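What follows is each chain in one-letter form.
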Amino acid sequence: MVTDMIEGAWSHFVQRRNPALLGQVVDLRSFLFGSRRGSLGAFRPLLREVQEGRCFYCAGDIKKGGDVDHFIPWRRYSLELGHNFVLAHQGCNSSKSDLLAAEEHLERWTERNRTSGAELEVAFDERKVLHDWPATHSIARWAYGQVHRAGGQVWVQRKELRPLSGDWRRIPGAANQPAA
């Protein structure tokens, strides 16, 4: 209860102090503090169809179930935007944990959202899921830029990590804005 009061008061304070900068923000509180993690199970059928029943990371068949994963980890950006979801084996999802995925996964994720964007947006609208591909893509550029500047590692596959190279910027659209 106290957390809700503090977050609400801070959101109102920020909105009052920055009306010209913020304009008409739809949900400033979620933007500032993230949103509560919801159940993502409803996205399984949609992601299974878009990914043709394959794990996003290892491309293996997902016989049943599968985990809906936040491609850009929840810890890095705690707003659930539809384009950020992928379907993965439980083992791949657990192994990736809260790491960013390697460049080859980023490239495939970017391409998936481009080629299936219209289909995904219709499905997100039907399910009343917040989605914004340009915002999601900007968040990805920011997150990868942060890891690159810190000399951090990315997840390749089970128990395999490697340093993030500058190659992430060659991915279509990744470098059309600075990742600062």
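You'll find the structure just up there.
Conventions used here
Residues numbered from 1 in each chain as written. Predicted model: local features only at pLDDT ≥ 70, side-chain atom pairs only at ≥ 80, totals over all residues. Heavy atoms only, no water. Salt bridge = Lys/Arg side-chain N within 4 Å of Asp/Glu carboxyl O. Buried < 20%, exposed > 50% of the residue type's maximum accessible area, 1.4 Å probe, protein only. Helix = DSSP H or I, 4+ residues; strand = E, 2+ residues; numbered from the N terminus. Expected span 1.5 Å × (residues − 1). Contact = heavy atoms within 4.5 Å. Core = buried A, V, L, I, M, F, W, Y, C linked by side-chain atoms within 4.5 Å. Patch = residues over 30% accessible without salt bridge, like charges linked within 9 Å, V, L, I, M, F, W, Y side chains within 5 Å. Areas by Shrake-Rupley, 256 points an atom, 1.4 Å probe, with all protein chains shown as cover. Lys, Arg positive; Asp, Glu negative; His and termini not counted. Charge placed at Lys NZ, Arg CZ, Asp CG, Glu CD.

**A look at the pattern of salt bridges**
One pass over the full model with this rule turns up seven salt bridges. Between aspartate 61 and arginine 54 there is a salt bridge whose closest N-O contact spans 3.0 Å. On the basis of relative accessible area, aspartate 61 is assigned to the partly exposed category, the value being 41%. Residue arginine 54 is classed as partly exposed on the basis of its relative accessible area, which comes to 37%. With a shortest N-O distance of 3.2 Å, aspartate 69 and lysine 96 are connected by a salt bridge. Here aspartate 69, found in strand E1 (residues 67-70), pairs with lysine 96, found in helix H5 (residues 90-96); they are 27 residues apart in sequence, far enough to count as distant. Judged by relative accessible area, lysine 96 falls into the buried class, the value being 0%.

**Side note on helix H6 (residues 103-115)**
Counted at 1.5 Å a residue, the expected span for H6 with its 13 residues is 18 Å, and the 18 Å between its end C-alpha atoms agrees. Buried within H6 we find Glu103, His105, Leu106, Trp109, Thr110, Arg112 and Asn113. Packed against the buried residues of H6 are helix H4 (44-50), strand E2 (85-88), helix H7 (117-126), helix H8 (133-150), strand E3 (153-157) and strand E4 (160-163).

**Details of the nonpolar core**
One finds Phe43, Tyr57, Phe71, Ile72, Trp109 and Tyr144 to be the most contacted residues of the largest nonpolar core, which totals 41 residues. Every element with two or more residues in this core is listed here: H4, E2, H6, H7, H8 and E3. The element that contributes the greatest number of residues to this core is H8, accounting for six residues. Here isoleucine 72 is in contact with Asn84, Leu100, Ile139, Ala140, Ala143 and Tyr144, once residues within four sequence places are set aside.

**Some remarks on a negative patch on the surface**
A contiguous patch of negative charge on the surface is contributed by Glu121, Asp125, Glu126 and Asp132. Topologically, glutamate 126 is positioned in helix H7. For glutamate 126, a relative accessible area of 60% puts it in the exposed group.

**Some remarks on the side chain of glutamine 51**
Following the sequence through the fold, glutamine 51 ends up in the loop between H4 and E1. Those residues in contact with glutamine 51 that lie beyond four places of it in its chain are Phe56, Val86, Leu87 and Arg112.

**Topic: H8**
For H8, built from 18 residues, the straight-helix expectation of 26 Å at 1.5 Å per residue is met to within 8% by its first-to-last C-alpha distance of 26 Å. Within the span of H8, buried status applies to Trp133, Thr136, His137, Ile139, Ala140, Arg141, Ala143, Tyr144, Gly145 and Val147. If you follow the buried residues of H8, they end up packed against H6, H7 and E3. In the stretch just after H8, glycine 151 is the one whose phi turns positive, near 70°.

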